[in-house]
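# Structural features, examined
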Amino acid sequence: MKFCFVFGTRPEVIKVAPVYKFFLQKGEEAFVVATAQHREMMDMMMNVFGVEAKYDLNVMTHDQTLDSIVASIMQRLPLVLQREKPDILFVQGDTTTAMSCAICAFHSKIKVAHIEAGLRSHDLYDPFPEEMNRRVIDVVSTYLFAPTNNAKENLIKEGIEEDRIYTVGNTVVDALNMISNSFNLSQVRSQLVPFEKYILMTLHRRENIGERMVSILSAVARFARERNVHVVLPVHKNPSVRRIVFDTVGSDPHFHLVEPLDYVSFLALLEGCWFVVSDSGGVQEEAPSFGKFVVVARRTTERPELIESGFGILAGTEESSIHEAMVLASQKKLDPSGNPFGDGKTSERIWRIVRGVSQ
Ligand code: UD1
Ligand code: UDP
């Protein structure tokens, strides 16, 4: 059997790399197609995991639109698929890369395997366009690898046959275990930040770009001023995000704005932070492994497990609601505990399922 793994953005590399590497370890014939929807951030993560692409579709342009990404991928990927004829094509999550590649594979009658299937906010426009992307991918997939039982239930409610759905955990826990076991994170951290107490923040969601992002940043700035605490914010490469961040808090002495960090450095900062404010999906899934509370700066969630396990609050995007949630977060004392998103063995489960090897 021949396996094709595709990715294009930072979080996809993080979540696909452990599975791809596990397949290679098992001697499987597997190759990577990188769309490079994120040029620099994808390359950075591929270096961290030591993953190389056999094909690089090089689709990113600085003024890219959702349609231009789709168009470039749909023009370029079919040529690779015709040449390589893989049996199964793996996509991860809900990016435009994942959706476009899944459709191309479907058109070529190649089976699609969806890593992180079944996440739903139940609002088609939030997150935009990811909620649409993941629904489309799940429709065309033969293997639906749901991270949690909740995700599996979402799929069943949509009428997807149960024998296509496998609850396997989230590969992000495999990825963070790989890094935590190979690096001394506190040593890495000591070279990154000169202070003990800080809030770690990330922001990038399309639907937050604009007034919502200004409100979120203003709330964090108010809290930081009141408590005299540092905020470390690696600023996403998206120019629209960068403009808002630098305009709103660029000269605020409490904010430490840095370039996107490699995964080892980011996990080192996550391990040592007071708590997190973020609109990221992956960060929510990582925080429980380090016992960190997440103020989720969004209006909807497809990861209710975070809230249910007591590791986060869905804070909305208003200045007052974010500030209120930060006050709550500041009072939390949590220990690292069982991560509701996975146990670090997801890659192996996926390999066993597609190979028919008993668990
Ligand atoms: C994409 C995904 C989102 C995911 C996020 C992870 C879609 C629709 N969205 O959103 O689901 O959560 O990635 O971060 O697929 N840029 C660079 N260099 C980079 C990366 C981005 O310059 O390495 C700039 C480019 O100008 C690009 C812009 O950022 O046009 C936006 O990137 P894009 O992939 O279109 O959207 P994201 O908001 O990053
Ligand atoms: N991350 C990173 N460096 C950073 C910021 C985030 O390595 O400077 C990692 C983080 O640990 C998580 C992933 O990137 O695994 C999340 O990516 P992002 O927030 O861009 O996308 P999402 O998960 O929301 O799709």
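As a reminder, the structure under discussion sits directly above these lines.
Along each chain, numbering runs from 1 in the same order as the chain's sequence is written. The order in which chains are written sets their letters, starting at A; the order in which ligands are written sets their numbers, starting at 1. Where totals are concerned, whole chains, interfaces and linings use all residues; where local detail is concerned, this predicted model gives features only for residues with pLDDT of at least 70, and gives and counts side-chain atom pairs only at 80 or more. No hydrogens and no water enter the side-chain calculation; it runs on all heavy atoms of the structure.

## Thoughts on the overall build of the protein chain
Secondary structure elements follow DSSP: runs of H or I of four or more residues count as helices, runs of E of two or more count as strands, with numbering from the N terminus. Scanning the protein chain for helices and strands turns up 15 helices and 13 strands. The size measure is the radius of gyration over C-alpha atoms, and the globule rule it meets is 2.2 Å times the number of residues to the 0.38 power. Taking 359 residues into account, the globule formula puts the C-alpha radius of gyration at 21 Å, and the protein chain, at 20 Å, falls close to it. Only protein chains enter the accessibility calculation, which uses a 1.4 Å probe; a residue is then buried when its area is under 20% of its type maximum, exposed when over 50%, and partly exposed in between. Counting the 359 residues in the protein chain, one finds 58% classified as buried. About 14700 Å² of surface is accessible on the protein chain, with carbon and sulfur atoms providing 48% of the total. Residues scored as positive are Lys and Arg, those scored as negative are Asp and Glu, and His as well as the terminal groups of each chain are ignored. Just so you know, the charge point we use is NZ for Lys, CZ for Arg, CG for Asp and CD for Glu. The positive charge centre, built from 39 side chains, and the negative charge centre, built from 45, are 2 Å apart in the protein chain. Note on areas: these come from Shrake-Rupley sampling with a 1.4 Å probe, and a residue is covered only by the protein chains present in the view.

## Looking at the site of ligand 1
Inspection of the region around ligand 1 gives 25 residues, with His-38, Glu-40, Met-41, Gln-64 and Glu-130 positioned closest. Here a nitrogen atom of ligand 1 and a side-chain polar atom of Glu-40 are 2.5 Å apart. Counted as a polar contact is a pair of N or O atoms within 3.5 Å, where, for protein atoms, one must be capable of donating a hydrogen and the other of accepting one, and residues adjacent in sequence contribute only when both atoms are in side chains. The backbone of Thr-61 places a nitrogen or oxygen atom 3.4 Å from an oxygen atom of ligand 1. Within the complex, the protein chains bury 96% of what would otherwise be the 750 Å² of accessible surface of ligand 1. Any residue with a heavy atom positioned within 4 Å of a molecule or strand is treated as near that molecule or strand.

## Structural notes on the nonpolar core
Phe-5, Phe-7, Phe-23, Phe-90, Phe-145 and Tyr-263 are the most contacted members of the largest nonpolar core, which has 61 residues in total. The element contributing the most residues to this core is helix 1 (residues 10-25), with 8 residues. The contact criterion used throughout is that any non-hydrogen atoms of two residues lie within 4.5 Å. Phe-90 has contacts with Phe-3, Cys-4, Phe-5, Val-6, Phe-23, Ala-113, Ile-115, Phe-145, Ile-350 and Val-354, leaving out every residue within four places of it along the chain. Core analysis: the next-biggest nonpolar cluster, separate from the first, contains 30 residues, Met-201, Leu-217, Val-277 and Ala-297 among them. Grouping buried Ala, Val, Leu, Ile, Met, Phe, Trp, Tyr and Cys residues that are joined through side-chain atoms within 4.5 Å yields what is termed a nonpolar core.

## Some details on the site of ligand 2
Around ligand 2, a shell composed of 16 residues is seen, among which Leu-261, Ser-280, Gly-281, Gly-282 and Glu-286 lie nearest. Gly-281 is positioned such that a nitrogen or oxygen atom in its backbone is 2.8 Å from an oxygen atom of ligand 2. When isolated, ligand 2 has an accessible area of 540 Å², and the protein chains bury 95% of it. Among the secondary structure elements, those contributing two or more residues to the shell around ligand 2 are helix 1, helix 11 (263-272) and helix 12 (281-286). Examining the composition of the shell around ligand 2, we find that 4 residues originate from one element, helix 12, more than from any other.

## Description of the sheet that holds strand 9 (residues 230-234)
When DSSP locates at least two bridges between a pair of strands, those strands are taken to pair. Here we have 6 strands laid out as an open sheet, ordered 10-9-8-11-12-13, and parallel in their pairing. Each of the sheet's edge strands pairs with one partner strand only, and the pair in question is strand 10 (255-258) and strand 13 (312-314). Across the sheet, the axes of successive neighbouring strands diverge by a mean angle of 20 degrees, strand direction being ignored. Lines fitted to the C-alpha atoms define the axes, with helices restricted to the stretch that makes contact. Angles between their N-to-C directions range from 0 to 180 degrees. Here helix 9 (residues 211-227) sits on the sheet in contact with strand 8 (198-202), strand 9, strand 10 and strand 11 (276-278), set at roughly 175 degrees to strand 8.

## So, the sheet that holds strand 6 (residues 143-146)
Strand order in the open sheet formed by 7 strands is 3-2-1-4-5-6-7, with parallel pairing between adjacent strands. Among the strands making up the open sheet, the edge pair consists of strand 3 (55-56) and strand 7 (165-167). Bridging between strand 2 (residues 29-34) and strand 3 involves 2 bridges; their strand directions are parallel. Paired with Val-33 across the strands is Tyr-55, a residue of strand 3. Sitting on the sheet, helix 1 touches strand 1 (2-7), strand 2, strand 4 (88-92) and strand 5 (111-115), and the angle it makes with strand 1 is about 160 degrees.

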